[in-house]
Amino acid sequence: MRTFKKLASGAVVIIALVGLSACSGMSRQGRNTAIGAGVGAAGGAILTGGSTIGTLGGAAVGGIIGHEGSK
């Protein structure tokens, strides 16, 4: 089960990175929000061992930081 969580976390990070390649047509603030959410989700997943709440919390905090940092 532990290996499955590691693979799932890795898959989420890869999907997020591939999804960020679609940011070319976005505004600067939107792009920074998406990048912040992706990095926050990855950080939350790593820090909490793949916990869903940790991943979502990290994404939310990262998105807010990315959004506010680009103002």
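Residues numbered from 1 in each chain as written. Predicted model: local features only at pLDDT ≥ 70, side-chain atom pairs only at ≥ 80, totals over all residues. Heavy atoms only, no water.

Peer 1: Give a description of the overall build of the protein that names residues and reports values.
Peer 2: Helix and strand counts for the protein stand at 3 helices and 0 strands. Element order for the protein, N to C, with α for helix and β for strand: α-α-α. Projected onto its principal axes, the C-alpha coordinates of the protein cover approximately 40 × 20 × 10 Å. Of all 71 residues assigned to the protein, the portion counted as buried reaches 21%. (Helix = DSSP H or I, 4+ residues; strand = E, 2+ residues; numbered from the N terminus. Buried < 20%, exposed > 50% of the residue type's maximum accessible area, 1.4 Å probe, protein only.)

Peer 1: If you had to explain helix α3 (residues 52–69) to someone new, which residues and values would you point to?
Peer 2: Over its 18 residues, α3 runs 25 Å from end to end, which matches the ideal 26 Å to within 8%, given 1.5 Å per residue. Taken together, the buried positions of α3 are Gly54, Thr55, Gly58, Gly62, Gly63 and Gly66. Burial along α3 is one-sided: seen end-on, the buried residues are contained in an arc of 160°. What points out from α3, more than 90 degrees from its buried face, is the exposed set Ile53, Leu56 and Ile64. Looking at the packing, one finds that the buried side of α3 touches α2 (28–47). (Expected span 1.5 Å × (residues − 1). Arc of directions from axis to C-beta. Contact = heavy atoms within 4.5 Å.)

Peer 1: Provide a residue-level description of the packing of α2 against α3, including the pertinent values.
Peer 2: Following both chains from N to C, one finds α2 and α3 inclined at 150°, their axes separated by 6 Å at the closest point. Judged by the inter-axis angle, α2 sits roughly antiparallel to α3. α2 and α3 meet at a crossing whose hand is right-handed. Listed contacts from α3 to Gln29, Asn32, Thr33, Gly36, Ala37, Gly40, Ala41, Gly44 and Ala45 of α2 are Gly54, Thr55, Gly58, Ala59, Gly62, Gly63, Gly66 and His67. For the contact of α2 with α3, the class distribution of residues is 4 nonpolar, 13 polar and no charged. (Axes fitted to C-alpha atoms, helices over the stretch in contact; angles between N-to-C directions. Parallel < 35°, antiparallel > 145°, perpendicular 65-115°, else oblique. Left-handed = near helix turned anticlockwise from the far one by under 90°. Nonpolar A, V, L, I, M, F, W, Y, C, P; charged D, E, K, R; others polar.)

Peer 1: Account for the environment of alanine 11, naming residues and giving values.
Peer 2: Mapped onto the elements of the fold, alanine 11 is located in helix α1 (residues 2–20). The exposure class assigned to alanine 11 is partly exposed, which follows from its relative accessible area of 34%. In sequence terms alanine 11 and glycine 36 are 25 residues apart; their C-alpha atoms lie 18 Å from each other.

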